[in-house]
Amino acid sequence: MVDDEYRIYVGIDWATEAHQACVLDCTGRVLAERSFAHTGEALTAFAKWLHGVAGGDPGRAAIAIELPRGAVVETLVEHGFHLYAINPKQLDRFRDRHSVAGAKDDRRDAFVLSDSLRTDRARFRRIRLDDPLVIQLRELSRVDEDLGHEANRLTNRLREQLHRFYVQVLKLCPSADEPWLWALLELAPSPTAGSRLQPKPIERLLRQHRIRRLNAQDVVAALRAPALRVAPGVVEAATEHIALLLPRLRLVHTQRQRCGARLDALLDKLAAVDGDDGQQREHRDVEILRSLPGVGRVVAATVLAEASGPLAERDYHALRTHAGIAPVTKQSGKRRTVVMRYACNGRLRYALYHWARVAATCDPASKTYYAALRQRGHSYARALRSVADRLLRILIAMLKSDSLFDSTQLRQSADAAVTQEAPCAS
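Residues numbered from 1 in each chain as written. Predicted model: local features only at pLDDT ≥ 70, side-chain atom pairs only at ≥ 80, totals over all residues. Heavy atoms only, no water.

If you walk through the whole model with that rule in mind, you get six aromatic pairs. Considering the side-chain rings of phenylalanine 165 and tyrosine 166, the 5.5 Å spacing of their centres and the 35° angle between planes classify their relative orientation as tilted. We note that phenylalanine 165, like tyrosine 166, is buried. Note on tyrosine 370 and tyrosine 380: the rings are 6.3 Å apart at their centroids and 85° apart in plane angle, and the pair reads as edge-to-face. Taken together, the residues tyrosine 370 in helix 17 (residues 364-375) and tyrosine 380 in helix 18 (residues 380-401) connect sequence positions ten residues apart. Residue class for tyrosine 370 comes out buried when judged on its relative accessible area of 17%. Taking the relative accessible area as the measure of exposure, tyrosine 380 reaches 35% and is therefore partly exposed. Clustering of aromatic rings is evident, with ring pairs tying together Tyr6, Tyr9 and Tyr84. (Phe/Tyr/Trp six-rings, centres within 6.5 Å; stacked < 30°, edge-to-face > 60°. Buried < 20%, exposed > 50% of the residue type's maximum accessible area, 1.4 Å probe, protein only. Helix = DSSP H or I, 4+ residues; strand = E, 2+ residues; numbered from the N terminus.)

The next thing to look at is the environment of glutamate 41. Within the secondary structure, glutamate 41 sits in helix 1 (residues 40-53). For glutamate 41, a relative accessible area of 70% puts it in the exposed group. Separated by 35 residues in sequence, glutamate 41 and leucine 76 have C-alpha atoms that sit 13 Å apart.

The next point concerns unusual backbone geometry. In this structure, alanine 176 takes a positive phi of about 55° despite not being glycine. Tracing the backbone through its elements, the reader meets alanine 176 in the loop between helix 6 (167-170) and helix 7 (179-187). Relative accessible area serves as the criterion here: at 0%, alanine 176 is assigned to the buried category. In the Ramachandran plot, arginine 314 falls in the positive-phi region, its phi being about 55° despite a non-glycine side chain. By secondary structure assignment, the location of arginine 314 is in the loop between helix 14 (308-313) and helix 15 (316-322).

Further remarks concern the sheet that holds strand 6 (residues 125-126). Two modes of strand pairing occur in sheets, parallel and antiparallel, and in both the strands are linked by backbone hydrogen bonds. If you trace the six strands from one edge of the open sheet to the other, you get 3-2-1-4-5-6, paired in mixed fashion. With partners counted over all chains shown, the strands left at the sheet margins are strand 3 (30-37) and strand 6, one partner each. Note: strand 4 (residues 61-65) against strand 5 (residues 82-85), four bridges, orientation parallel. Residue pairing in the sheet places alanine 62 in a bridge with histidine 82 of strand 5. The strands touched by helix 1 are strand 1 (8-13), strand 2 (18-25), strand 3 and strand 4; relative to strand 3, the strand with the most contacts, the crossing angle is about 165°. (Pairing = 2+ DSSP bridges. Contact = heavy atoms within 4.5 Å. Axes fitted to C-alpha atoms, helices over the stretch in contact; angles between N-to-C directions.)

Most of strand 4 sits out of view: five of its five residues are buried. Side chains Ala61, Ile63 and Ile65 of strand 4 all project onto a buried face; the interleaved residues Ala62 and Ala64 project onto the opposite face, where all are buried too. Summarising the sheet, strand 1 and strand 4 pair through five bridges and their orientation is parallel. Among the inter-strand pairings, glycine 11 is bridged to a residue of strand 4, identified as alanine 64.

Bringing helix 3 (residues 88-95) into the picture now. Along helix 3, the residues classified as buried are Leu91, Phe94 and Arg95. Take helix 3 and look down its axis: the buried residues cluster within an arc of 105°, on one side only. Looking at the buried side of helix 3, the elements it contacts are helix 4 (106-119). (Arc of directions from axis to C-beta.)

It is worth spelling out the nonpolar core at this point. Note that soluble globular proteins tend to have their nonpolar side chains buried in a common cluster. One finds Leu158, Trp180 and Trp355 to be the most contacted residues of the largest nonpolar core, which totals 85 residues. Take this core: its biggest share by element is twelve residues, from helix 11 (residues 234-271). Not counting residues up to four positions away in its chain, the partners in contact with tryptophan 180 are Leu172, Cys173, Leu205, Leu206, His209, Ile211, Arg213 and Leu214. By size, the runner-up hydrophobic cluster in this structure holds 23 residues, among which are Ile8, Leu43, Ala61 and Ile127. (Core = buried A, V, L, I, M, F, W, Y, C linked by side-chain atoms within 4.5 Å.)

A few words now on the pattern of salt bridges. Note that side chains of opposite charge can pair when their charged atoms are close. With the rule as written, the count across this model stands at 18 salt bridges. Among the salt bridges present, the one from aspartate 120 reaches arginine 97, with a minimum N-O distance of 3.0 Å. Placement of the pair is aspartate 120 in the loop between helix 4 and strand 6 and arginine 97 in the loop between helix 3 and helix 4, with a sequence separation of 23 residues. Under the relative-accessibility criterion, arginine 97 is labelled partly exposed at 45%. Ionic pairing is found between aspartate 130 and arginine 138, a salt bridge with its closest N-O pair at 2.5 Å. Taking relative accessible area as the criterion, aspartate 130 reaches 25% and is therefore assigned partly exposed. The class for arginine 138 is buried, based on a relative accessible area of 6%. One continuous salt-bridge network, built from bridges that share partners, spans Asp92, Arg93, Arg95, Lys104 and Asp109. (Salt bridge = Lys/Arg side-chain N within 4 Å of Asp/Glu carboxyl O.)

Before going further, it helps to examine the environment of histidine 378. Residue position: histidine 378 is located in the loop between helix 17 and helix 18. On a C-alpha basis, the gap between histidine 378 and alanine 343 in space is 22 Å, while along the polypeptide they are 35 residues apart.

Because side chains alternate across strand 5, one face comprises the buried residues His82 and Tyr84, and the other comprises Leu83 and Ala85, equally buried. Each parallel crossover has a hand, and the one from strand 4 via helix 2 (residues 71-78) to strand 5 is right-handed. Pairing of strand 5 with strand 6, which is carried by two bridges, proceeds in the antiparallel orientation. Each bridged residue has a counterpart across the sheet, and for alanine 85 the counterpart in strand 6 is arginine 125. (Right-handed = clockwise from strand over helix to strand, strands pointing away.)

Let's shift gears to the environment of glutamate 203. For glutamate 203, the location among the structural elements is in helix 9 (residues 199-208). In this structure the C-alpha to C-alpha distance between glutamate 203 and glutamine 217, which are 14 residues apart in sequence, comes to 8.9 Å.

What follows is about the confidence of the model for the protein chain. On average, residues of the protein chain score 89 in pLDDT, and 92% of them are at 70 or above. Residue range residues 276-283 is modelled with pLDDT below 50. Its contacts to residues more than four positions away, or to other chains, number twelve contacts. (pLDDT = per-residue confidence, 0-100.)

The following block contains the structure:
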């Protein structure tokens, strides 16, 4: 069956407790409206009811929804329905076609979704369920990012407390984000205790945490430096605050290590997935991506998880748009401006920024390309976006040819590459 032969068009306005659905025929006439709760029993009943409305053929029912994943989407896809997603901002523009006054309610939104899918299906994107490993990878990569933000918040609070009364410790570790410093603070929680600390326990602590840039004498000298004069009670209050922060810092640090190990295991498992023919392929997408310069665990996990669709389709233009690399052109009359794209996946943009930053440092070709862009007057961020754009072009070409990265094959000069570069965000 061809997708154009849909019998009914369904719009589902997603909500927390109950979802509103509207069913239209191919002429735009409302066939039915229904609300169903966000429970397993209600979702199953709705799928069976919709199966009957579609005449027993779920492939002839096209369903529009804003949220591209979740229990509603997964249940309906597993029942054989064709689901399409749309950005809420685009849906808001479609809503204006039916009410210039800005009226909005759940029933109207469900109708707008179904009618827009009927008339402008090209603006929607087809939803297909990701591989289970990709779903796990996406969740863990996002958890790892959240843990990183939480660790930064906690270390900033620790540093702020140390700056109040214990600045000599910050000379040993200015960022206050290393586990050995946390152990030192338990041995010497105050400047008075630090001035009495002997070299022996410090040597054991440094050996245990494998710290080689400092020795026991350096730490003792720093701890015995004159302390700040503070008001009575400040040391006691800050010490208690630090004592509450240290267990939380250790917990987040342990969870980040565990999350990183799980990400590595999932990436290795994805790389070892068998091909469709039952034979293990020579190169998988994971191997190809990890072979590129500048790609580490976090970048690989984020790119594979957040851009699974464009990567699977080998769609370079969709990938660079999704990552915020493609620019936005605004032209009216004689005025034309090209600006940076802000409507994109923030996690993917952040990953590509670090990918390009590392590649411009460790990869000679990327380094030459970056230097040529800077000489042309491009800013630091603009040049990095072009480096990321070049890496995406290489990645898609490697995925299409199913080959690993080979720097010896990249013999084009950086100057020629700069003159032929695709448009990137200004």
